[in-house]
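Inside the fold
Listed below, chain by chain, are the residues.
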Amino acid sequence: MTPALKLNNNINFPLIGLGTSQAKPGEMEKAVKEAIDIGYRHFDSAMIYGNDQEVGTAIREKIADGYVKREDLFITNKEGDTLFPTDETGKLIPSDVDYVDTWKAMEECVKLGLAKSIGLSNFNSQQIQRVLDVATIKPVVNQVECHPYFNQSKMIAFCKERGIVVTAYAPFGRPGSTVNYIRHDVAPLLQDTKLQEIATKRDKTVAQVILRYLIQHGVVPIPKSSNKSRLQENFDVFNFELTPVEISSIDALNSDSRIFTYSLFADLKDYPFNTEF
Ligand SMILES: NC(=O)c1ccc[n+]([C@@H]2O[C@H](COP(=O)([O-])OP(=O)(O)OC[C@H]3O[C@@H](n4cnc5c(N)ncnc54)[C@H](OP(=O)(O)O)[C@@H]3O)[C@@H](O)[C@H]2O)c1
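Starting afresh in each chain, residues are numbered from 1 along the sequence in its written order. Only residues with pLDDT of at least 70 get local features here, since the model is predicted, and only at 80 or more are side-chain atom pairs given and counted; chain-wide, interface and lining totals rely on the full set of residues. The side-chain quantities take in all heavy atoms of the structure and omit both hydrogens and water.

1. Quick look at the nonpolar core
We call a set of buried Ala, Val, Leu, Ile, Met, Phe, Trp, Tyr and Cys residues a nonpolar core when their side-chain atoms join them within 4.5 Å. For every residue, the accessible area (1.4 Å probe, protein chains only) is compared with the maximum for its type, and the residue is labelled buried under 20%, exposed over 50%, or partly exposed between those bounds. In this structure, V32, Y40, F43 and I128 are the most contacted members of the largest nonpolar core, which totals 75 residues. Contacts were defined at the residue level, with two residues in contact if any of their heavy atoms lie within 4.5 Å. Those residues in contact with Y40 that lie beyond four places of it in its chain are I16, G17, L18, A35, L231, N234 and F235.

2. Focus on the packing of aromatic side chains
Ring pairs shown here join Phe, Tyr and Trp side chains whose ring centres sit within 6.5 Å, with only the six-membered ring taken for Trp; geometry is labelled stacked below 30 degrees between planes, edge-to-face above 60, and tilted in between. On inspection of all chains with the given rule, the structure shows twelve aromatic pairs. With a centroid separation of 5.1 Å and an interplanar angle of 75°, the aromatic rings of Y169 and F260 are classed as edge-to-face. Within this pair, whereas Y169 is found in strand β8 (residues 165-169), its partner F260 is found in the segment after α9 (244-251), the two being separated by 91 residues in sequence. Each member of the pair, Y169 together with F260, is buried. Among the aromatic side chains, those forming a connected cluster through ring pairs are F84, Y169, Y181, F260, Y262 and F265. Here, over-ring charges are defined by two tests on the NZ atom of lysine or the CZ atom of arginine: distance to the ring centre within 6 Å, and angle to the ring normal within 35 degrees. Positioned above the aromatic ring of Y99, the side-chain terminus of R130 is 5.0 Å from the ring centre. Each helix is a run of H or I in the DSSP string that is no shorter than four residues. Each strand is a run of E no shorter than two, and both are numbered from the N terminus.

3. Considerations on the site of the ligand
Any residue with a heavy atom lying within 4 Å of a molecule or strand is counted as near it. Around the ligand, the surrounding shell holds 28 residues, and the nearest of these are D44, R174, K224, S225 and R230. Within 3.5 Å is the distance limit for a polar contact, defined as a pair of N or O atoms, with the added protein rule that one can donate a hydrogen and the other accept it, and that residues adjacent in sequence qualify only through two side-chain atoms. At a separation of 3.4 Å, a nitrogen atom of the ligand approaches a polar side-chain atom of Y49. At 2.6 Å, a side-chain N or O of S225 approaches an oxygen atom of the ligand. Note on areas: Shrake-Rupley, 1.4 Å probe, and residue coverage restricted to the protein chains presented here. Computed on the free molecule, the ligand has an accessible area of 900 Å², of which 87% lies beneath the protein chains in the complex.

4. Remarks on the pattern of salt bridges
For this document, the term salt bridge refers to a Lys or Arg side-chain nitrogen within 4 Å of an Asp or Glu carboxyl oxygen. For the coordinates displayed, the defined rule picks out 16 salt bridges. Across the pair K33 and E61 runs a salt bridge, and its minimum N-O distance is 2.6 Å. Here K33, found in helix α1 (residues 27-38), pairs with E61, found in helix α2 (residues 52-64); they are 28 residues apart in sequence, far enough to count as distant. Among the ionic pairs, E108 bridges to K111, the shortest N-O distance being 3.7 Å. Taken together, the residues span about one helical turn, with E108 and K111 both in helix α3 (residues 99-111) at a distance of three residues. Residue classification places E108 among the partly exposed positions, given a relative accessible area of 40%. Classification of K111 as exposed rests on a relative accessible area of 54%. Among the charged side chains, a salt-bridge network with shared partners connects E29, K33 and E61.

5. Quick word on the sheet that holds strand β6 (residues 120-121)
Note on pairing: two strands pair once DSSP finds at least 2 bridges between them. Spatially, the four strands line up as an open sheet ordered β6-β7-β8-β9, and their pairing is parallel. The open sheet has two edge strands, β6 and β9 (220-221), and neither has a second partner. Summarising the sheet, β8 and β9 pair through two bridges and their orientation is parallel. Residue T167 lies in a different strand from β9, and its bridge partner there is V220.

6. A closer look at the side chain of D44
For D44, the position within the fold is in strand β4 (residues 42-44). Separated by 2.8 Å, the side chains of D44 and Q143 make a polar contact. Setting aside chain neighbours within four positions, we find D44 in contact with L18, G19, T20, Y49, T76, K78, Q143 and I222.

7. What about the sheet that holds β4?
Pairing within the open sheet is parallel, and its three strands lie in the order β3-β4-β5. Each end of this open sheet is capped by a strand with a single partner; those strands are β3 (18-19) and β5 (74-76). Judged from the two bridges that link them, β3 and β4 form a sheet pairing that is parallel. Note that in β4 the partner of L18 across the bridge is F43.

8. Observations regarding unusual backbone geometry
Backbone phi values are negative for most residues with the exception of glycine, while trans is the configuration of most peptide bonds. Phi is positive for Q22, which is not a glycine, with a value near 60°. Relative to the assigned elements, Q22 resides in the loop between β3 and α1. By relative accessible area, which is 45% here, Q22 ends up partly exposed. Positive phi is not limited to glycine here, since N122 has a value of about 60°.

9. Let's talk about the environment of F273
Within the secondary structure layout, F273 lies in the segment after α9. Overall, the relative accessible area of 15% leaves F273 in the buried class. Expressed as a C-alpha distance, the spacing of F273 and A58, which sit 215 residues apart in the sequence, is 35 Å.

10. Digging into the packing of α1 against helix α8 (residues 228-235)
A fitted line through C-alpha atoms serves as each axis, taken over the contacting stretch for helices, and the angle formed by two N-to-C directions is quoted from 0 to 180°. It is at 10 Å that the axes of α1 and α8 come closest, and there the two elements cross at 40°. The orientation of α1 with respect to α8, classified from their angle, is oblique. Seen along the crossing, α1 lies across α8 with a hand that is right-handed. Here A31, E34, A35 and I38 of α1 lie close against α8, whose contacting residues are K228, L231, Q232 and F235. Each residue gets one of three labels, nonpolar for Ala, Val, Leu, Ile, Met, Phe, Trp, Tyr, Cys and Pro, charged for Asp, Glu, Lys and Arg, and polar for the others, Gly among them. A per-class count over the contact of α1 with α8 returns five nonpolar, one polar and two charged. An angle below 35 degrees is treated as roughly parallel, one above 145 as roughly antiparallel, one from 65 to 115 as roughly perpendicular, and anything else as oblique. Helix crossings are classified by the rotation of the near helix relative to the far one: an anticlockwise turn of less than a right angle makes the crossing left-handed, while a clockwise turn makes it right-handed.

Shown next, in the form of structure tokens:
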């Protein structure tokens, strides 16, 4: 069984999830099937990734073939009606819905049996608290960018005190991406000298050291790969443990370098990244 932690609703949350964004058409269906064979039981999808149907097809086929049962899988999705509505000048039309009302609607989804667990993504601490103040069902997770150059130590502590798990997106800093909503001036994390030194000493890869670091901080990483050997590599992180000294030396790499600034949303009233955390 994939190692897992228990969410605040007592549901198992496997400690590694497969990220599914930025894959070419057709890639993720294959990758999800390979991932299930390797042992992945946690998948992170979204309508905006344009391939959640592929993810669904792969999972449905693997269930039909008897490889896996639905109840052993944790599948995350993030939905919206119209993704990015714009006016006639191309400017984003902001939603006037209060996210607290969205949360109440998500609670209805749980009551109707449409979702088992509900959570947040890219919420700052004040926004999380505002949801908690009205919630009758607590968020199970807050999914945020998290890696050694942006280690989210304050967010992790804040969430832990409130029984919320931090899911780490972009654990490798999304190497090689050219999209316009992220920063491109942060040094490539996978080439970090300190991480390379630890990896060499441990006979592991830098990617494995990063994943292990996050897991030992109680965070659940969701690395994306559509390459079979890297899928395996990213899953093989349960047979070693970093020492407290190694963890501290990786903590020291933090430079609060947020890569996913989502600057195109910076003018919106709920833009989350203007507070300390
Ligand atoms: N909620 C949000 O706002 C949000 C934002 C961003 C991401 N996410 C979620 O988080 C997931 C992960 O983040 P991400 O995809 O942005 O970035 P990431 O996981 O940090 O990086 C993915 C990139 O790393 C490469 N890679 C994977 N394993 C590797 C390894 N062992 N060694 C070297 N390179 C490796 C992948 O290439 P190959 O495929 O060729 O292996 C891919 O190019 C996403 O897929 C998505 O599900 C959520």
